[in-house]
Amino acid sequence: MFGTFSPELAPGARNAVEVCLAIKPAERVALIADDASKEVAASIAAALEDIGVTPDSVLIEQVAARPLTAAPAQVLAALEHCDAGILCVQPQQGELGARMAIVATVERRHIRYAHMVGVTPEIMKQGMRADYRLVDRLSTKLCERMRTAKTLRVRTPFGTNLHATFDPALHWVKTSGLINTRYWSNLPAGEVFTTPALVDGVFVCNGTAGDYFGPKYGDLAPTPLTLEIAGGCLVAARCERKEIEREFWDYCHTDAHSDRIGELAFGTNLALTDMIGILLQDEKVPGVHIAFGDPYGSQTGADWKSTTHIDVLTRDCDVWIDDIHVIEHGRYQLYRLGLYT
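Q: How would you summarise helix α5 (residues 96-109) if you had to cite specific residues and measurements?
A: Its 14 residues give α5 an end-to-end C-alpha distance of 20 Å, which sits within 8% of 20 Å, the value for a rise of 1.5 Å per residue. Along α5, the residues classified as buried are L96, A98, R99, I102, V103, T105 and V106. In this structure, the buried residues of α5 make contact with α4 (73-80), β3 (84-89), β4 (112-117), α9 (242-251) and β15 (309-312). Looking one or two residues beyond α5, the residue adopting positive phi is H110, at roughly 55°.

Dropping the structure here:
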């Protein structure tokens, strides 16, 4: 169904199937893809077939028009009858609701699930070749440390100066690439996140922005988006490209909670050193990023919702957990977290 693929994608595909999802030969797997992601899907299908699994495959353009206004019935049906699911698609404007419906089915059924929205052959050769057992060790250490942390500070040479505090009643969630039935995960993986209690300061997005902004505007390094935050909410947005400034501001005022910071996250994929302009991978680069809108309350325990969710990324972070300098110029100081490689 998905055609051929370059042999260079095979190691990343095997990592996804054998390590991240730990697929067993007797299991049933739903593999959902779109036309733009067929080569990646073909590599994953081959990795599944190598261990004796024939996936239940769905090509989205064969069952629904794009952009999706709702999750296609054939996609939901495949997820209703599987032990594990994989979604390989490119995001289009207006499709977030459909993807949320897909994730809701995954969470209701408690299946292992890889969310690969924006995946490319390049990503399969980079972030998907990570040592996910090492990523998991780092992510576990961060979760343990952040459960007792009082504050977090983030600074960059480009103007980011952010201060965050946390609610101990809300969970820190580890999506390290070793996927279980409790937490689905993006792939490539390497992220630890929560819903913060309060965030104040300035965040300069000079990397990638989420949802459809990444495909539409690409890497924002040439024209950064400067965001002012007070009390956990967006209060100002500035960018030399006024269309980005207006569109981001409007997006963050779609509903009553679209301007709230719903997520604060660490990127923990140690195989990555810089951003490539694709959120799926870029948010896993070592550092700290934030997102406005829905807080993934089913995972963090936050008691509010939004119809929107948009990540914003910044480069070359220095990060302090309380007074411990854990990331310097975008590199983890692993020994300060009690982790040695």
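Structure's up, so let's keep going.
Q: Give a detailed account of the nonpolar core, specifying residues and quantitative values.
A: If you look at the biggest cluster of nonpolar residues, it comprises 48 residues, and the most contacted ones within it are L152, F248, F266, I290, F292, V312 and V319. Take this core: its biggest share by element is four residues, from helix α7 (residues 132-146). Beyond its immediate stretch of four places on either side in the chain, F248 contacts F213, L225, L227, L234, F292, I310 and V312. Counting residues in each nonpolar core, the second largest holds 38 residues, with V53, L59, A84 and M116 among its members.

Q: Run through the packing of helix α1 (residues 10-20) against helix α2 (residues 38-50), naming residues and quoting values.
A: Put simply, α1 and α2 touch, their axes get as near as 8 Å, and they point 55° apart. In terms of orientation, α1 lies oblique with respect to α2. Crossing handedness for the pair α1 and α2: right-handed. Contact with α1, carried on its side by A13, R14 and V17, involves S43, I44, A47 and L48 of α2 and no other residues of that element.

Conventions used here
- Residues numbered from 1 in each chain as written.
- Predicted model: local features only at pLDDT ≥ 70, side-chain atom pairs only at ≥ 80, totals over all residues.
- Heavy atoms only, no water.
- Helix = DSSP H or I, 4+ residues; strand = E, 2+ residues; numbered from the N terminus.
- Expected span 1.5 Å × (residues − 1).
- Buried < 20%, exposed > 50% of the residue type's maximum accessible area, 1.4 Å probe, protein only.
- Contact = heavy atoms within 4.5 Å.
- Core = buried A, V, L, I, M, F, W, Y, C linked by side-chain atoms within 4.5 Å.
- Axes fitted to C-alpha atoms, helices over the stretch in contact; angles between N-to-C directions.
- Parallel < 35°, antiparallel > 145°, perpendicular 65-115°, else oblique.
- Left-handed = near helix turned anticlockwise from the far one by under 90°.

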